[in-house]
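Results of the structural survey
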Amino acid sequence: MSNDAPNPPPVAPKAAREHSPLETLNHSASHVMAAAVKRLFPGAKVTIGPAIDNGFYYDFDVERPFTEEDLVAIEAEMAKDVKADLEFQREEIDRDQAVEMFRGMGESYKVEIIEGIPAGTTITLYRHGDFVDLCRGPHVDRTSRIKAYKLTNVAGAYWRGDERRQMLQRIYGCAFTDKKALDEHLRKIEEAKKRDHRRLGKDLDLFSIDEDIGGGLVLWHPKGALTRYLIEEFWRREHLASGYDLVNSPHIARENLWQTSGHLGWYKENLYNGMDVDGQQYLVKPMNCPFHITMFKNRLRSYRDLPMRWAELGTVYRYERSGVLHGLLRVRGFTQDDAHLFITKDQLNYEIERVTRFCLHILRSFGFVSFKTYLATRPAKFVGEVPAWDEAEAALKRGLDAIGLDYEMDVGGGAFYGPKIDLKLVDALDREWQCSTIQVDFQLPERFQLEYVAPDGSRQRPIMLHRALLGSIERFFAVLLEHYAGALPLWIAPVQAKVLTVSEKSEEFGREVEEQLRAAGVRVEKDLSSDKLGAKIRRAQLEKAPYMLVIGDKEVAARGVSPRSRDGRQAEMMPIDAFVRQVLDESHPSRS
RNA sequence: GCCAGCGUAGCUCAGUCGGUAGAGCAGCGGUUUCGUAAACCGCAGGUAACGAGUUCGAAUCUCGUCGCUGGCUCCA
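Residues numbered from 1 in each chain as written. Chains lettered and ligands numbered in written order. Predicted model: local features only at pLDDT ≥ 70, side-chain atom pairs only at ≥ 80, totals over all residues. Heavy atoms only, no water.

1. A few points about unusual backbone geometry
To keep it simple, the criterion reads: Numbering goes from the N terminus for both helices and strands, where a helix is a DSSP run of H or I of at least four residues and a strand is a run of E of at least two.
Looking along the chain, the bond that leaves Leu306 and enters Pro307 is cis, with omega of 0 degrees. Of note, Asp430 is a non-glycine position whose phi angle comes to about 70 degrees, a positive value. Relative to the elements of secondary structure, Asp430 occurs in the loop between β20 (420-426) and β21 (432-441).

See below:
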């Protein structure tokens, strides 16, 4: 295994955060939009309107929600400002004056924002035409810079992201310096739609979510289940080879356990109602850790036993609010590729580095090459002692540094029980996906009074690391589908080769080829229908079969196969066993 | 959960002003036996998500419920 070999940094170091020209343009476009909205809806109150990853938005407090027609009208109204080529003027103003001014305008949200800024601070305003907005800037110099833009959708959003506060109406849009760039952006959105794992799941017959089963509960169809099996087999093999032990735990446990673990307190909103078993309350598990911990406590542990690395593909159930469910990416029942490491304090550094390397190895095996790493630190609400937190954060930092992984700080983003490393995958469309997480936990060893016997005979408390590499099989599968647009790598493709007969005359040999391939361990299907070859190819192509084996008179005569790959490449005719060798040879994880 | 939009055949979608449901693909049966992205003919398939209301009459208008989609909040 190459787990411990140093790996090159997967991503280039990121420059300090600053405003890109496109961000500035988008931000300016949001001002132009706000101006248009104020003209069309004089009663609307403005709030905030930043540039975001792929565009901008602006939140308004309005009498009634915007409609699609409103968006068209607002877009047209914006054109007036763009055409008028207005200048963006920066102004500085005293804080108290600013409060006065916005109060006079009836812009109560702006007043609230400014009142949150310390007294005596100079406030900057940006003005174009008659519209003035509290804003740090920067902006483009003139409205005519906004050559191409589109308002894409409207959505509700809470003021300051707080669901107890006013629901505002958010309009999303995007702006570009020319029409071509806008069209390119819209094309990308179309491309993303084609890759949507929900679409692919249906088209490729991989999985479904049925309302009769329940939202967020996944049915894995034969082909999806086969790929899942292949992923899991690989995962188990790699874990065993990497010093993990595999464990298994049940789906429910007595309420007591969740009382001790603390889930009944701080995780209550995600728990399903319990069930009565012989007068005892049982709960469906939302996490696997208490089971592994209980296993740890099953006997007295020695420092010689540590580190213990226990891994389980553990299926958990968590209540998620109906509005957040999304295909396989956000579900209510899912299988975590979980593991818990019980270690001594001295082992913390090494184990963090080791598990991070292992994580990269696993992810790279699936063909991901680009990652974004975040070090999430102590949140406002936390348990434990500050020195212990600092120590754990330092250990995580050292682990990342030792590997040479570039990372960003996610200040206050840690779990309440410990800091963590979040590793996000960057996919073929440059989107980030949260899958892997490596967390230090001081809390549970404490709550469960975990102990091991140290060399001096004293009882010591171990530290726990929680980690999931793929995150959940469901989410990871979705990311794989979107990354590969459904064309899964050969080693996890549910069907590796499809036998396509040209006519009935080649049917017998077609069956023979299928049987031979299957017997040799190739995942194969046949299409003996009376359709013409073109139709069979088309079907196999849409099914994203890696190899198509056309069987016609020539192949029958030569007792060979002519593989066509899904990228359209046509190989020379070869004997069946040569093709088998080729498939088996190519069917492996990406080298990492 | 909240805001908005949507829900018509397995899938993708039409359906005028409220007048009693339609296409393509898929499925099934037949014909065809064909060489690299869709052969032809036929058949079947719908309590219009569900429930109530308005109306002589509802896929169409109204209300409620459920579900989905895009966001918000939360997150593997």
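2. Things to note about the environment of Thr294
Heads up, the condition is: Relative accessibility decides the category of a residue: with a 1.4 Å probe and only protein chains considered, values under 20% of the type maximum give buried, values over 50% give exposed, and everything between is partly exposed.
Position of Thr294 among the secondary structure elements: in helix α10 (residues 289-296). Classification of Thr294 by relative accessible area gives partly exposed; the value is 40%. Along the primary structure Thr294 and Leu325 are separated by 31 residues, whereas in three dimensions their C-alpha atoms are 32 Å apart.

3. What to know about the domain arrangement of chain A
Stated formally: What counts as a domain boundary in this text is fixed by an automatic or database domain assignment.
Domain annotation of chain A identifies domain 1 (21-195), domain 2 (250-287), domain 3 (294-483) and domain 4 (497-586). Computed over C-alpha atoms only, the centres of domain 1 and domain 2 are separated by 46 Å.

4. Re the nonpolar core
Formally: Each nonpolar core is a collection of buried residues, namely Ala, Val, Leu, Ile, Met, Phe, Trp, Tyr and Cys, held together in the definition by side-chain atoms within 4.5 Å. The contact definition used throughout considers only heavy atoms, calling two residues in contact when any of these lie within 4.5 Å.
Ranked by size, the top nonpolar core spans 62 residues in total, and within it Phe366, Leu425, Leu470 and Phe476 carry the most contacts. Sorting elements by how many residues they give to this core places helix α11 (residues 348-365) first, with eight residues. What Phe476 contacts, discounting residues up to four positions off in sequence, is Leu363, Phe366, Phe368, Leu425, Cys435 and Leu470. Membership of the second largest hydrophobic core comes to 28 residues, among which are Leu25, Ala34, Ala36 and Tyr149.

5. Some thoughts on the sheet that holds strand β14 (residues 280-284)
Which entries qualify depends on this criterion: Should DSSP find at least two bridges between two strands, the strands are taken to pair. To obtain each axis, a line is fitted to C-alpha atoms, and for helices this fit is confined to the stretch in contact; angles are then taken between N-to-C directions over 0 to 180 degrees.
Read across the sheet, three strands follow the order β12-β14-β13 without closing on themselves; strand pairing throughout is antiparallel. In the strand order of this sheet, the two ends are held by β12 (252-254) and β13 (275-277), each with one partner. For this sheet the average axis-to-axis angle between neighbouring strands, irrespective of direction, equals 40 degrees.

6. Describing the pairing of strand β3 (residues 55-61)
Of all seven residues making up β3, seven are buried, and the element is well covered by its neighbours. Here β3 shows no split at all, with Gly55, Tyr57, Asp59 and Asp61 on one side and Phe56, Tyr58 and Phe60 on the other all buried. Note that strand β1 (residues 45-46) and β3 share two bridges and pair antiparallel. Bridge pairing links Val46 to Phe60 in β3. Linking two consecutive strands that pair antiparallel, namely strand β2 (residues 51-52) and β3, is a turn of two residues. Alignment of β3 against strand β8 (residues 167-176), held across five bridges, turns out to be antiparallel. Bridge assignment links Phe56 to a residue of β8, and that residue is Gly173.

7. Here's the deal with the protein's contact with RNA strand B
Going by this rule: Being near a molecule or strand, for a residue, comes down to having at least one heavy atom within 4 Å of it. Think of a polar contact as two N or O atoms within 3.5 Å of one another; within protein, one of them needs to be a possible hydrogen donor and the other a possible acceptor, and neighboring residues in sequence only count if both atoms come from side chains.
Of all residues adjacent to RNA strand B, which total 56 residues, the nearest are Tyr158, Arg330, Glu504, Arg538 and Asp553. The sugar and phosphate moieties of RNA strand B supply 45% of its atoms located within 4 Å of the protein. Contacts to RNA strand B include Val331, whose backbone N or O atom sits 2.9 Å from a base nitrogen. Contact between RNA strand B and Asp553: a base oxygen at 2.6 Å from a main-chain N or O atom of the residue. Taken together, the elements giving at least two residues each to the surface near RNA strand B come down to β7 (148-158), β8, α6 (197-203), β21, β24 (463-472), α16 (533-542) and α17 (553-558). If you tally residues by element for the surface near RNA strand B, the top one is α16, at seven residues.

8. Description of the pattern of salt bridges
Under the convention used in this document: Salt bridge criterion: a side-chain nitrogen from Lys or Arg within 4 Å of a carboxyl oxygen from Asp or Glu.
Evaluation of the coordinates by the stated rule reveals 52 salt bridges. Between Lys193 and Glu190 there is a salt bridge; the shortest N-O distance is 3.5 Å. With a gap of three residues between them, Lys193 and Glu190 both fall in helix α5 (residues 179-195), about one helical turn apart. Of the residues examined, Glu190 reaches a relative accessible area of 41% and is grouped as partly exposed. Notably, a salt bridge pairs Arg459 with Glu451, separated by 3.2 Å at the nearest N-O pair. Overall, Arg459 belongs to the partly exposed group, its relative accessible area being 48%.

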